[in-house]
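Letter by letter, the chains look like this.
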Amino acid sequence: MSPRTPRTYWAAGTAVLLALLFAAAATVTAASGDSGTEEARTPGLHSADAGFARDMAVHHQQAVEMSFIVRDRTQDEAVRTLAYDIANTQANQRGMLLGWLDLWGLPKVVAGEPPMSWMGTGGGHAGHASGGHASSGHAGQSAAPGALMPGMATKEELARLDSASGRDAEVLFLQLMTDHHKGGVAMAEGCAQQCVTPVERELAQGMVDAQRSELTLMADMLKQRGATPRG
C-alpha cells in the first residue's frame, strides 16, 4: 500500500461522515417547521428536487448492490472496507431521499418520466447504455424510459463482477464504481445548482465532496493493482 493511501482513505472517510451528518440534519429539518411554511416549500412532481431524489435513489441502489457483490468476491481488506463504507453511506442517503418524497407526498416512480429529465436542457446528461458506458446528451432529447443514468453499470457488467474473484473482481469493482461515482457527482452537482430545498442542496454537495474523495482513493487502489480507470 502506498504511503499516500492511508491519508487519502482518511479523507474519503471524513467526507463520507460529513455526508451522513448532512443527511441526518436534512431529514430533521425537512420534517420540522410550521404547516404554513412547509406547504410553500414542498417541491412539485417534476421539480429538480423530486427528480433528483427519485433518480439518485435508483443510482445509489446499484452502488449498494455492487458493493455487496464485491464483498463476497474478494478477501482484500481495503476493497471490502471501501465497499462497506459505500454501501452504508449510500443506503442511508437513499433512505433519506425516499423519505423526502414521502414527506412531500410525491411518488417514488413517475411513469413515462425519462431519467435525468429534471436537469432539463441546460446541461443535464442522460445516460444511455452502450458497451458498458453512458453516452452523454441532453436529458430532454436523448433519454428514454429504461435508459441508464450516468455511470451506471449494465446487467452484463454486474454479471461479470459477480462471476469474477480476487484481483479481477477488485479491479472491475473499482473501475465500475469509478464510473458510477463520476456519474453521481455530475447528478449531485446538478441538484446543488438547481434544487430549491436548502437541505437537499446541502446533501447533494456532501455527496459531491465524499465521492470526489473516494475517486482519488480508487485511482490509488487501481494503480496499486496495476490498473487504471476506464476511458
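The structure under discussion appears in the preceding block.
Next up on the list: the overall build of the protein. Counting secondary structure elements, the protein contains 8 helices and 2 strands. Helices and strands appear in the protein in the N-to-C order α-α-α-α-β-β-α-α-α-α. Sorting the 231 residues of the protein into buried and exposed places 49% on the buried side. By sequence separation, contacts in the protein at least 24 residues apart represent 74% of the contacts at least 6 residues apart. Summed over its atoms, the accessible surface of the protein is roughly 10,600 Å², and 56% of this surface lies on carbon and sulfur atoms.

Taking 1.5 Å per residue as the helical rise, helix H3 (residues 48–71) with its 24 residues ought to reach 34 Å, and the 34 Å between its terminal C-alpha atoms agrees with that figure. Burial of H3 is extensive: 19 of the 24 residues sit out of reach of the surface.

Attention now moves to the packing of H3 against helix H6 (residues 155–163). Orientation of H3 relative to H6, taken along the N-to-C sense of each, is 20 degrees, at an axis distance of 9 Å. Relative to H6, H3 is oriented roughly parallel. Mapping the contact onto sequence places Gln62, Glu65, Met66 and Ile69 in H3 and Leu158, Leu161 and Asp162 in H6. For the contact of H3 with H6, the per-class residue count stands at 4 nonpolar, 1 polar and 2 charged.

Turning next to the side chain of Gln62. In this structure, Gln62 sits in helix H3. In this structure Gln62 touches Met152, Ala153, Leu158 and His180, once residues within four positions along its chain are discounted.

Next up on the list: the pattern of salt bridges. By the definition in use, this model includes 9 salt bridges. The partner of Asp102 in a salt bridge is Lys108, and the shortest N-O contact between them spans 2.6 Å. Overall, Asp102 belongs to the partly exposed group, its relative accessible area being 48%. Judged by relative accessible area, Lys108 falls into the partly exposed class, the value being 39%. Among the charged side chains, a network of salt bridges with common partners joins Asp76, Glu170 and Arg225.

Another point: the state of the cysteines. Applying the stated criterion across every chain yields a total of 1 disulfide. Here Cys191 engages in a disulfide with Cys195; their sulfurs sit 2.2 Å apart. Residues Cys191 and Cys195 are joined by a disulfide whose S-S torsion is about -120 degrees; by sign, that bridge is left-handed. Cys195 shares its class with Cys191; the two are buried.

Structurally, the position occupied by Leu176 is in helix H7 (residues 166–194). Put simply, Leu176 and Glu157 are 19 residues apart on the chain and 8.2 Å apart in space, counted from C-alpha to C-alpha. If we ignore the near neighbours within four places in the chain, the residues touching Leu176 are Met66, Gly151, Ala153, Glu157, Leu161 and Arg230.

This paragraph deals with the packing of H7 against helix H8 (residues 198–224). The geometry of H7 relative to H8 is characterised by a closest axis approach of 8 Å and an angle of 155 degrees between their N-to-C directions. Compared by their axis directions, H7 and H8 come out roughly antiparallel. Crossing geometry of H7 relative to H8 is assigned as left-handed. Looking at the contact of H7 with H8 residue by residue, the class counts come to 14 nonpolar, 6 polar and 6 charged.

Tracing the sequence through the fold places Ala78 in helix H4 (residues 77–103). Looking at Ala78, the relative accessible area reads 25%, which means it is partly exposed.

A word on the nonpolar core. Judged by nonpolar contacts, the single largest core of 51 residues is most densely connected at Phe52, Met66, Leu82, Leu97, Trp118 and Phe173. Sorting the residues of this core by element identifies H3, H4, H6, H7 and H8 as the ones contributing at least two each. What Leu97 contacts, discounting residues up to four positions off in sequence, is Phe52, Ala53, Met56, Ala57, Glu200, Leu203 and Met207.

This part takes up the side chain of Thr74. Along the chain, Thr74 falls in the loop between H3 and H4. Overall, Thr74 belongs to the buried group, its relative accessible area being 4%. Here the side chain of Thr74 touches Asp76 through a polar contact of 3.0 Å, landing on its backbone nitrogen. Apart from the residues within four sequence positions on either side, Thr74 is in contact with Val79, Arg80, Gly166 and Glu170.

Conventions we followed
- Residues numbered from 1 in each chain as written.
- Predicted model: local features only at pLDDT ≥ 70, side-chain atom pairs only at ≥ 80, totals over all residues.
- Heavy atoms only, no water.
- Helix = DSSP H or I, 4+ residues; strand = E, 2+ residues; numbered from the N terminus.
- Buried < 20%, exposed > 50% of the residue type's maximum accessible area, 1.4 Å probe, protein only.
- Contact = heavy atoms within 4.5 Å.
- Areas by Shrake-Rupley, 256 points an atom, 1.4 Å probe, with all protein chains shown as cover.
- Expected span 1.5 Å × (residues − 1).
- Axes fitted to C-alpha atoms, helices over the stretch in contact; angles between N-to-C directions.
- Parallel < 35°, antiparallel > 145°, perpendicular 65-115°, else oblique.
- Nonpolar A, V, L, I, M, F, W, Y, C, P; charged D, E, K, R; others polar.
- Salt bridge = Lys/Arg side-chain N within 4 Å of Asp/Glu carboxyl O.
- Disulfide = S-S within 2.5 Å.
- Left-handed = near helix turned anticlockwise from the far one by under 90°.
- Core = buried A, V, L, I, M, F, W, Y, C linked by side-chain atoms within 4.5 Å.
- Polar contact = N/O pair within 3.5 Å; in protein donor to acceptor, adjacent residues only side chain to side chain.

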